[in-house]
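Observations on chain architecture
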Amino acid sequence: MSNKVFIFDTTLRDGEQAPGNQLNMVEKIEVAKALEELGVDIIEAGFPISSPEDFKSVEEISKAVSRPIICGLTRAVKKDIEVAADALKFAKRARIHTGIGTSFYHINYKLKSNQDEIILRAIDAVKYAKSFVEDVEFYCEDAGRTENEYLARVVEAVIKAGATVVNIPDTTGYCLPHEYGAKIKYLIDNVSNVDRAILSTHCHNDLGMATANSISGVLNGARQVEVTMNGVGERAGNTALEEVVMAIKSHKLGIHTDIVSPKILNTSRLIQRLMKSPVQANKAIVGKNAFSHSSGIHQDGVLKMRENYEIIDPKDVGVEESSIVLTARSGRAALKHRVTLLGYELKGEELDKTYEEFLKLADKKKEINDEDLLVLVGKEIRRGDKAIQLEALQVICGKSMIPTATVSLNIKGEVKTETGLGDGPVDAAFSAVKKIFLKPITLNDFLIQGFDGGSEAFGKVNVTVECENKTYYGFGADTDIVTASVESLVDALSKILE
Ligand code: KIV
Ligand code: ZN
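Quick caveat: nothing in here was measured; it's all calculated off a predicted structure.

Within the chain one finds 17 helices and 16 strands. With respect to the three principal axes, the spread of C-alpha positions in the chain is 100 × 45 × 40 Å. Within the chain, the fraction of its 498 residues that count as buried is 54%. For the chain, the exposed area adds up to about 22500 Å²; of that, 52% sits on carbon and sulfur atoms. The positive charge centre, built from 61 side chains, and the negative charge centre, built from 72, are 2 Å apart in the chain.

Have a look at this one:
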């Protein structure tokens with residue numbers, strides 16, 4: 001048995017079928033080209049008889065893409081097969097994917113038929129498709145709930161009729177991994193001509209088993225997996241391409257795919273954007289958090305050696321580097337690492353103080369970004385040599401009250417406290433500061449900015465102060481805007497005393 005596992009991508013057929021995932025033709029061509037670059041072996045481009053748009057898409061994708069096999073879906077119905085063959089006429093390598101329901105439910109309640117008649121219809125469909133193209137895949141719809149003995153009869157009959165690939169879909173996502181694997185093994189062991197075709201998995205994710213079932217199928221002899229990017233598809237979706245490919249790549253199973261894995265992330269993003277369906281943050285392989293570490297213990301472990309907490313090198317799937325998300329649970333090592341990447345060296349007391357400030361900020365903000373860190377580091381680096389330190393600040397204000405602020409400043413070791421009134425809380429705090437400072441000053445500019453716009457963002461304040469005909473600039477940053485304002489004024493006043 002070959003050790004190559006063929007990747008059959010049905011994002012543009014089964015994936016696109018799901019509500020909200022519809023693409024126009026230009027978008028479909030863009031996706032098909034991206035899938036070709038990604039290295040998929042077969043692109044199921046659509047269901048040509050289902051609509052004139054689907055017909056046209058299969059036709060245009062056949063023209064636009066040259067390496068992968070282009071496949072069109074049909075029912076086991078002559079007209080469907082004729083239309084699919086017509087839509088595929090420009091494909092360099094064309095495949096017709098035809099099939100019929102084989103489970104008790106489908107035969108009795110959907111097709112209102114019987115097992116023998118279904119086998120005859122299956123044979124006819126394969127033979128008819130064979131009259132148009134050499135490569136014919138047959139699907140036994142709802143094979144997941146079809147008893148193995150009957151399934152083996154269908155598979156044997158369609159291979160005899162010329163099917164090159166036989167698809168064993170778990171259409172309803174019902175199977176457990178050991179059952180699905182046993183089904184494939186049963187077919188390998190009991191279908192006399194199984195060596196003349198490839199068995200394919202096609203698993204849906206209704207019980208969250210699609211990837212596990214596909215891998216179990218492959219481990220038992222299937223050599224094609226039908227997948228969609230990000231697992232998009234009907235109901236809970238199809239098997240996710242990225243999960244199967246990386247599971248095969250990460251384990252030594254003696255099998256491989258030809259997927260160019262570093263292109264996974266970009267392809268995933270393309271589908272998310274075009275189908276307007278973002279993946280959840282914790283989605284395996286392509287989720288925003290798939291390679292980010294937020295707990296202190298994990299961050300420390302990853303920094304010591306990536307493999308401590310990562311089984312995949314992020315670069316292998318197109319992620320630049322694993323990210324260390326700084327939160328209230330992050331440790332000193334992670335903070336130091338991040339700050340070093342930003343170009344600062346924090347040691348000893350500086351690191352301790354910055355870490356203290358970082359924890360205070362992280363309690364207010366969920367995640368600390370690089371901008372926040374730069375402010376914290378900047379504050380800490382400047383704090384040591386400032387002539388004036390803000391020791392305490394209390395502001396009282398509200399409707400029908402005169403804003404009142406009490407400020408304590410440490411000026412070269414001497415702590416002084418004053419209270420001031422003003423038009424607003426900042427004005428009141430500034431008047432308290434001016435009372436302490438004594439030297440006459442004029443406030444020329446006062447600029448407040450938020451870093452990331454949200455209510456929990458750091459506010460930064462720049463002031464320009466004039467004193468004895470000289471101009472001094474001050475900067476302050478804090479999650480509390482009044483504190484940031486006073487810090488900026490204190491910064492400027494410190495410079496006057498230096
Ligand atoms: O889930 C399924 O059974 C299918 C077939 C049409 C291949 O998508
Ligand atoms: Zn399906």
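And the narrative resumes.
On to the coordination of the zinc ion (ligand 2). Coordination of the zinc ion (ligand 2) by the protein involves Asp14 (OD), His202 (NE2) and His204 (NE2), with metal-donor separations of 2.0 to 2.1 Å. Along the chain, the residues donating to the zinc ion (ligand 2) fall in the pattern D-x187-H-x1-H. Judged by relative accessible area, which is 4%, His204 ranks as buried.

Before going further, it helps to spend a moment on the site of ligand 1. Taken together, Arg13, Asp14, His97, Tyr139, Glu141, Asn167, Pro169, Thr171, His202 and His204 make up the full set of residues adjacent to ligand 1. Between ligand 1 and the protein, one listed contact pairs an oxygen atom with a side-chain N or O atom of Arg13 at 2.9 Å. Between ligand 1 and Thr171, the relevant distance is 2.7 Å, taken from an oxygen atom to a side-chain nitrogen or oxygen of the residue. Burial of ligand 1 by the surrounding chains reaches 93%, relative to a free accessible area of 260 Å². Secondary structure elements with two or more residues in the shell around ligand 1: helix 1 (11-15), strand 5 (135-141) and strand 6 (165-170). Of the residues assigned to the shell around ligand 1, the class counts are two nonpolar, five polar and three charged.

The subject of this paragraph is helix 11 (residues 264-274). Within helix 11, eight of the 11 residues are buried, leaving the element largely enclosed by the surrounding structure. Those residues of helix 11 that fall on the buried side of the exposure criterion are Ile264, Leu265, Thr267, Ser268, Leu270, Ile271, Gln272 and Leu274. One or two positions beyond helix 11, positive phi appears at Lys276, with a value near 50°.

In a regular helix each residue adds 1.5 Å, so 13 residues correspond to 18 Å; helix 16 (residues 425-437) covers 18 Å between its end C-alpha atoms and thus fits that length. The first or second residue beyond helix 16 is Leu438, which carries a positive phi of 70°.

Spatially, 1-2-3-4-5-6-7-8 is the arrangement adopted by the eight strands of the closed barrel, whose pairing is parallel. Each adjacent strand pair in this sheet contributes to an overall mean axis angle of 25°, direction not counted. Along the sheet, helix 8 (residues 177-190) makes contact with strand 6 and strand 7 (198-203), crossing strand 7 at roughly 160°.

Here we take up the packing of aromatic side chains. Scanning the entire structure with this criterion turns up seven aromatic pairs. Consider the rings of Phe104 and Tyr109, whose centres lie 5.9 Å apart with planes at 80°: the pair is edge-to-face. Tyr109 gets classed as exposed once you look at its relative accessible area, which sits at 54%. Here Phe138 and Tyr139 contribute two aromatic rings whose centre-to-centre distance is 6.5 Å and whose plane-to-plane angle is 20°, an arrangement assigned as stacked. Neither Phe138 nor Tyr139 differs from the other in exposure class; each is buried. Among the aromatic residues, ring-to-ring pairing joins Phe104, Tyr105 and Tyr109 into one connected group. The ring centre of Phe90 lies 4.8 Å from the NZ or CZ of Lys63, which sits over that ring. Taking NZ or CZ as reference, Lys78 lies 5.0 Å from the ring centre of Tyr128, over its face.

One non-glycine residue, Ile285, lies in positive phi territory at about 70°. Inspection of the secondary structure assignment puts Ile285 in the loop between helix 11 and strand 9 (292-293). Accessibility expressed as a relative area gives 11% for Ile285, which makes it buried. A positive phi angle is found at Ser400, which is not glycine, with a value near 60°. Mapped onto the elements, Ser400 comes out in the loop between strand 11 (388-396) and strand 12 (404-411).

Calculation criteria
- Residues numbered from 1 in each chain as written.
- Chains lettered and ligands numbered in written order.
- Predicted model: local features only at pLDDT ≥ 70, side-chain atom pairs only at ≥ 80, totals over all residues.
- Heavy atoms only, no water.
- Helix = DSSP H or I, 4+ residues; strand = E, 2+ residues; numbered from the N terminus.
- Buried < 20%, exposed > 50% of the residue type's maximum accessible area, 1.4 Å probe, protein only.
- Areas by Shrake-Rupley, 256 points an atom, 1.4 Å probe, with all protein chains shown as cover.
- Lys, Arg positive; Asp, Glu negative; His and termini not counted.
- Charge placed at Lys NZ, Arg CZ, Asp CG, Glu CD.
- Donors = N, O, S within 2.8 Å, 3.2 Å for Na, K, Ca; no water.
- Near = heavy atom within 4 Å.
- Polar contact = N/O pair within 3.5 Å; in protein donor to acceptor, adjacent residues only side chain to side chain.
- Nonpolar A, V, L, I, M, F, W, Y, C, P; charged D, E, K, R; others polar.
- Expected span 1.5 Å × (residues − 1).
- Pairing = 2+ DSSP bridges.
- Axes fitted to C-alpha atoms, helices over the stretch in contact; angles between N-to-C directions.
- Contact = heavy atoms within 4.5 Å.
- Phe/Tyr/Trp six-rings, centres within 6.5 Å; stacked < 30°, edge-to-face > 60°.
- Lys NZ or Arg CZ within 6 Å of the ring centre and 35° of its normal.

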